[in-house]
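Read off the chains here:
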Amino acid sequence: VQLQASGGGLVQAGGSLRLSCAASGRTVSRYSMAWFRQAPGKEREFVAALWRSTGNTYYADSVKGRFTISRDNANNAMNLQMNSLKPEDTAVYYCATAPGLIYSNLQVGSAYDYWGQGTLVTVSR
């Protein structure tokens, strides 16, 4: 599976961005998928995920109510709608997937097999 993340950019605090993650090589509609991010000088952290069997969504507390993860099965892709952006959301955002992911590892980055190259989101004050 190859993943291509896009949609990052520079936005003012309070603004919105929509990230996309296009998959190729396999159909990912039946896989769990997630977004992670890594800010400068910080560890990679979980942002949001879709569980494969139910489509249920899960979010980090820091983005709950502001970000929405969704599938785009028609385009074999996944999106992350980010609203009310804050300067602390500044990071490189990565999409990831894993065909055999177990539920307890949904928020564990090391459990994911395939990663996109990352897209930079910069939120100015």
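Read on for an overview of the structure. Computed from a predicted model, the values in this text were never measured in an experiment.

Position of Y59 among the secondary structure elements: in strand β6 (residues 57-59). Separated by 12 residues in the primary sequence, Y59 and V47 place their C-alpha atoms 5.8 Å from one another. What Y59 contacts, discounting residues up to four positions off in sequence, is F46, V47, A48, K64, F67, T68 and I69. Within polar-contact distance, the side chain of Y59 engages the backbone nitrogen of I69 at 2.9 Å.

Our next topic: the packing of aromatic side chains. Considering all chains together, one arrives at 7 aromatic pairs under this definition. A ring pair is formed by W51 and Y103, whose centres lie 5.3 Å apart and whose planes are at 85°; its orientation type is edge-to-face. Taken as a pair, W51 in the loop between β5 (45-50) and β6 and Y103 in the loop between β9 (91-98) and β10 (114-115) lie far apart in primary sequence, 52 residues in all. Given a relative accessible area of 45%, Y103 falls into the partly exposed group. Centroid distance Y112 to W115: 6.2 Å. Interplanar angle 65°. Geometry classified as edge-to-face. Judged by its relative accessible area of 5%, Y112 is buried. A residue is classified by how much of its surface remains accessible, and W115, at 27% relative accessible area, is partly exposed. Among the aromatic side chains, those forming a connected cluster through ring pairs are F36, F46, Y94, Y112 and W115. In this arrangement the basic side chain of R44 is found over the ring face of F36, its NZ or CZ atom lying 5.8 Å from the centre.

Of all hydrophobic cores here, the largest spans 40 residues; its most connected members are W35, L80, M82, Y93 and Y112. Where this core is concerned, the elements lending two or more residues are β1 (2-6), β3 (17-24), β4 (32-38), β5, β7 (67-72), β8 (77-82), β9 and β11 (119-124). Dropping the residues within four chain positions of it, Y112 is found in contact with M33, A34, F36, A49, A96, T97, A98, L101, N105 and L106.

Criteria and thresholds
- Along each chain, the written sequence defines residue order, and numbers are assigned to residues from 1.
- Where local features are concerned, this predicted model is filtered to residues with pLDDT of at least 70; where side-chain atom pairs are given and counted, the filter is 80 or more; whole-chain, interface and lining totals use all residues.
- With hydrogens and water stripped out, all remaining heavy atoms of the structure feed into the side-chain values.
- Note on conventions: DSSP H or I runs of at least 4 residues are helices, E runs of at least 2 residues are strands, and numbering of each starts at the N terminus.
- Contacts: residue pairs with any heavy atoms within 4.5 Å of one another.
- Counted as a polar contact is a pair of N or O atoms within 3.5 Å, where, for protein atoms, one must be capable of donating a hydrogen and the other of accepting one, and residues adjacent in sequence contribute only when both atoms are in side chains.
- In this scheme Phe, Tyr and Trp rings, the latter by its six-membered ring, pair at centre separations within 6.5 Å, and the angle between planes marks the pair as stacked below 30 degrees, edge-to-face above 60, and tilted otherwise.
- To sort residues, take the accessible area from a 1.4 Å probe on protein chains only and compare it with the maximum for the residue type: under 20% means buried, over 50% means exposed, and anything in between is partly exposed.
- For a ring to carry a charge above it, either NZ of a lysine or CZ of an arginine must fall within 6 Å of the ring centroid while also lying within 35 degrees of the normal to the ring plane.
- Buried residues of nine kinds, namely Ala, Val, Leu, Ile, Met, Phe, Trp, Tyr and Cys, make up a nonpolar core once their side-chain atoms join them within 4.5 Å.

Any functional reading would require information that these geometric values do not contain.
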